[in-house]
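Examining the three-dimensional arrangement
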Amino acid sequence: MIAALLVGTLATIVAVILTYTIRHYTFTINRLVGHHRQPYVDIGVADWPEVTVLVPAHNEERVIGGMLDALLDQDYPADRLTIVPINDRSTDATATIVDAYAERHPGRIVPHHRTNGVGGKAAALRDAAPRFGGLVHLVFDADYLPGRGLVRQLVAPFLDPEVGAVMGRVVPHNISRSLLTRLLDLERSGGYQVDQQARMNLRLVPQYGGTVGGVRRTAVEAVGGWSDDTLAEDTDMTYRLLLAGWEVVYQNRSECYEEVPENWPTRIRQIMRWTQGHNQALWRHWWPLFKRPGHLRRGLVFDGLLLLGVFAVGPLLLLGWGVAIALFFMGVIPLHGFLALLGITAYGTLGNFAAFFEVATAARLDGTFGRIRLLPFLAFGFLVSLMSVSRATLAQLFLPRPRQPREWDKTERYRGGNGSSPADGAKRVQR
Amino acid sequence: MTETVAFLLVLAATAAWLLLPLLPAVTELLRPTDITPLQVVGRDAANVALFAQGFRAYLHRQLEFLPTDTPVESIGTLPDRTPYVRGPRLPESLLEEARRERGLDRLVVLTGPATLAGGETFLRERYASRGFAGGPRTIYRAVLGDVGLTLGPGTVVLRWVHARGDLLVGDDSVLAGRASSDQVIRLGGQVHFDRLAAERIVVAGGASLPDLPAPTPQPFVIPAGIARQIGDHTRVTGDLLVPRDSVLNGDLVVSGSVTIGPGAHLVGSLKAHGEIHLGEGAKVDGSVISRTNIRSEFRVTIGGPVVAEEEIRLGSGNTVGQQHRPSSLAAPRIELGIGTIVHGLITATEGGTTAALPE
């Protein structure tokens, strides 16, 4: 009875993992040979709508100035662009810096200072967004360095009345700092150049990632505004918009530099935060999505469910390993024969490396051939992610939830300190 | 050799064999060859005149560093060793060279107004500080004009052309790459193009087109069974026909194909997952976006960007954008009818063409 239960569990896990493997290969092959879909990238001239750029910031004195400079330098019509740094209870010089910019650029920079209420980026957006107009609300993290044309590029898709959210591509700029930053650079390439763009090509579910992107203000209002009770307001918004009938668009050419974590503890905290936020979205949206509203295609729903479950794969894989080991010691061998051997060998050859193939494809598409040599080291990154995701999921499932208001769980900043300087970043932006 | 040593040797050899695939990784880690961030900024496609601006800056730099005693009329090499010729007109010997099969391999800087007989090939960029008129069947690598430029019938431009004044393009020409003007681009019949940008892009033949009688507007309400309001747009399930002369307010998203009847007016933007067909005299104030094709009949007016993921075919006398509200027209394949006017930018990634002019 126990053996049969374990075999059933293992079979289910294998089926799920195989599904994700096929998904990886589908995306990769699509990017290698498929049609590159970017319908809005050639809208270079238009009667541009009014836009508000929201920059949530909590203790961002190291980077906020660079961000505001980059936004002030945009080639978007200045009279239609309002920049709103949201200073959420910073205890450093963020408020002073932001106010100084506002004084120098009255009307263009309109700071919003928060002194109470629920903390965190989602809460900051929920509080500030309804106070500002414009057709589009773009959102950037404070450490980003948008190039001159980025706002225009991100706004262009909103001229399509069906588009509710747009996501651009995030590119690490501090990659030379450590092995971790170089691995994250590879991961980001795979995630955006292949994963996101393939989903765009195949008309599936590109994910709005909460930064280097934006939302249609009226769409957000129509779905009830930003949620402040989630750690992944971006994933949450993606699915709420999707379920309500809006389209989410990914634009690979709308690229923006970011700082990635330079040390493993920061990276692990980041993964755990993403995991818990994503799992919240899984819990909230899988059933409404599974019921398939009439406007959503089956393929889109299927991909949407797989995207929702992506952070659940880690613990599932660990469970699978545990079950397989248990079955081995129980003397149960679920698969026999030549075909089984062939299948396992094939998976060992191809399936295990699906994500690696994806990253290699991204490097090829980007034309960055040297860094691809680091690919074997991604196995370490994968193991760290697996353990962090599993730990976060287990904590979410079994530990009591904190009752106190959510606070900022910030990623450490390096620019201006021991990392690349804002001037370096600005130079890259100008190039 | 003892058994222990043999075992250790085998172990070491196995470990080395297993670690061999990691060698490139370790090398790249210890001696990085590729650690600059991906160069992402500056690939801005919206500025069609970018190459022309770059060439202008290049030429200015090069001419500045010519020896001070270089006469205005000169033949030689620029400081970067590019062969050039400068003067109010091309010497006859070089024109002869340009008419030969190989063409003229010299950057040309014209300081006076010039007219070419036709049939020449210019393998390097050509700059004209005064008015310039090319003859028929001329091949240029790239042309920059500080005033107006006229390209004769059958001209081929291989990379880019930019005029600060009007750019007139003769019938049957090919504008590969980018063509732009700070004022007007006037295209003849059966001109092939990739990217065009100007305050006004006009396809010839419009003067002979008749006007349409003003429609009698009729309000139109989409049947409730097929439509629902999503935020600020109406979503229609299936196909939709907007009847002749009707007026419809608000943004519209159609999951099938849509036909806007003759004389009908959509006060908003239009998106369709299927084809969009705009009838004679139809008007859309906002953008028109299709996941497949857009086809318009005679005298259609569109205020915003027009984007199709497969093909756009605009009929005669269409107008896209306005003088102070420029717009974009983008699709893999584009066909522009005679007398069509586009204010702004046209991008045809697989190629565009203008219709043949009537005899």
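It should be emphasised that the depicted structure is a prediction, and the values quoted were computed from it without experimental measurement.

Procedures and definitions
- Positions within a chain are numbered from 1, following the residues in the order the chain's sequence is written.
- Here the convention is simple: chains get letters from A, ligands get numbers from 1, in the order in which they are written.
- Given that this is a predicted model, residues contribute local features only at a pLDDT of at least 70 and side-chain atom pairs are listed and counted only at 80 or more, while totals for whole chains, interfaces and linings are drawn from all residues.
- For helices, the fitted line uses only the C-alpha atoms of the stretch in contact; every axis is such a line through C-alpha atoms, and the angle between N-to-C directions lies from 0 to 180 degrees.
- Strands here mean DSSP runs of E at least two residues long; helices mean DSSP runs of H or I at least four residues long; both are numbered from the N terminus.
- Our angle categories are set so that under 35 degrees counts as roughly parallel, over 145 as roughly antiparallel, 65 to 115 as roughly perpendicular, and the remainder as oblique.
- Contact criterion: two residues are in contact if their C-beta atoms, reconstructed from the backbone, are within 7 Å.
- Only Asp, Glu, Lys and Arg are considered charged, only Ala, Val, Leu, Ile, Met, Phe, Trp, Tyr, Cys and Pro nonpolar, and every remaining residue, Gly among them, polar.
- By definition here, a helix of n residues has an expected span of 1.5 Å times n minus one.
- Buried residues are those with 20 or more other C-beta atoms within 10 Å of their own C-beta, exposed residues have 12 or fewer, and partly exposed residues lie in between; C-beta atoms are placed from the backbone.
- All domain edges in this entry derive from an automatic or database-based domain assignment.
- By definition, any crossing whose near helix is turned counterclockwise from its far helix by less than a right angle is left-handed, and any crossing with a clockwise turn is right-handed.
- Pairing between two strands requires that DSSP report at least two bridges joining them.

1. Quick word on the packing of helix 1 (residues 2-33) of chain A against helix 6 (residues 179-201) of chain A
All names here are of chain A. Taken N-terminus to C-terminus, the directions of helix 1 and helix 6 make an angle of 80°; their axes are 9 Å apart at the nearest point. Classified by the angle between their axes, helix 1 and helix 6 sit roughly perpendicular to one another. Facing Phe-27, Thr-28, Asn-30 and Arg-31 of helix 1, the residues of helix 6 in contact are Val-194, Asp-195, Gln-197, Ala-198 and Asn-201. By residue class, the composition of the contact of helix 1 with helix 6 is three nonpolar, four polar and two charged.

2. Concerning helix 8 (residues 233-244) of chain A
Residue and element names in this part refer to chain A. Taking 1.5 Å per residue, 12 residues should reach 16 Å; helix 8 reaches 16 Å between its end C-alpha atoms and fits that length. Within helix 8, 10 of the 12 residues are buried, which leaves it mostly tucked inside the rest of the structure. The positive-phi residue at the C-terminal boundary of helix 8 is Gly-245, with phi of around 105°.

3. Comments concerning the domain arrangement of chain A
All names here are of chain A. According to the domain assignment, chain A contains domain 1 (2-32 + 309-398) and domain 2 (38-299). Just the C-alpha atoms count here: the centres of domain 1 and domain 2 sit 30 Å apart. Contact residues are listed per partner, giving 29 residues for domain 1 and 24 residues for domain 2. Secondary-structure elements contributing two or more residues to the side of domain 1 that touches domain 2 are helix 1, helix 13 (354-366) and helix 14 (378-398).

4. Remarks on the interface of chain B and chain A
Contact residues are listed per partner, giving 40 residues for chain B and 42 residues for chain A. Among the elements of the structure, helix 2 (23-30), strand 17 (233-236), strand 20 (251-254), strand 32 (327-336) and strand 33 (341-354) of chain B are those that each provide at least two residues to the side of chain B that touches chain A. Ranked by the residues each element gives to the side of chain B that touches chain A, the list is headed by helix 2 of chain B, at four residues.

5. Here we look at the packing of helix 9 (residues 264-290) of chain A against helix 14 of chain A
Residues and elements named next belong to chain A. The interhelical angle for the contact between helix 9 and helix 14, taken along N-to-C directions, is 50°, at an axis separation of 8 Å. With respect to helix 14, the element helix 9 is oriented oblique. Judged by the sense of rotation from one axis to the other, the crossing of helix 9 with helix 14 is right-handed. Contact with helix 9, carried on its side by Trp-264, Ile-268, Ile-271, Met-272, Thr-275, Gln-276 and Asn-279, involves Val-384, Ser-385, Ser-388, Val-389, Arg-391, Ala-392, Thr-393 and Gln-396 of helix 14 and no other residues of that element. Considering only residue class, the contact of helix 9 with helix 14 consists of seven nonpolar, seven polar and one charged.

6. Here we look at the domain arrangement of chain B
Domain annotation for chain B reports domain 1 (51-182) and domain 2 (218-320). On a C-alpha basis, the centroid separation for the pair domain 1 of chain B and domain 2 of chain B is 44 Å.

7. Focus on the pairing of strand 27 (residues 293-296) of chain B
Residue and element names in this part refer to chain B. Residues Ile-294 and Ser-296 point to one face of strand 27 and are all buried, whereas Asn-293 and Arg-295, pointing to the other face, are not buried. Where strand 24 (residues 276-278) meets strand 27, three bridges bridge the pair, whose relative direction is parallel. Paired with Ile-276 across the bridge in strand 27 is Ile-294. Relative to strand 30 (residues 311-314), strand 27 is paired through three bridges, and the arrangement is parallel. For Ile-294, the partnering residue across the bridge sits in strand 30 and is Ile-312.

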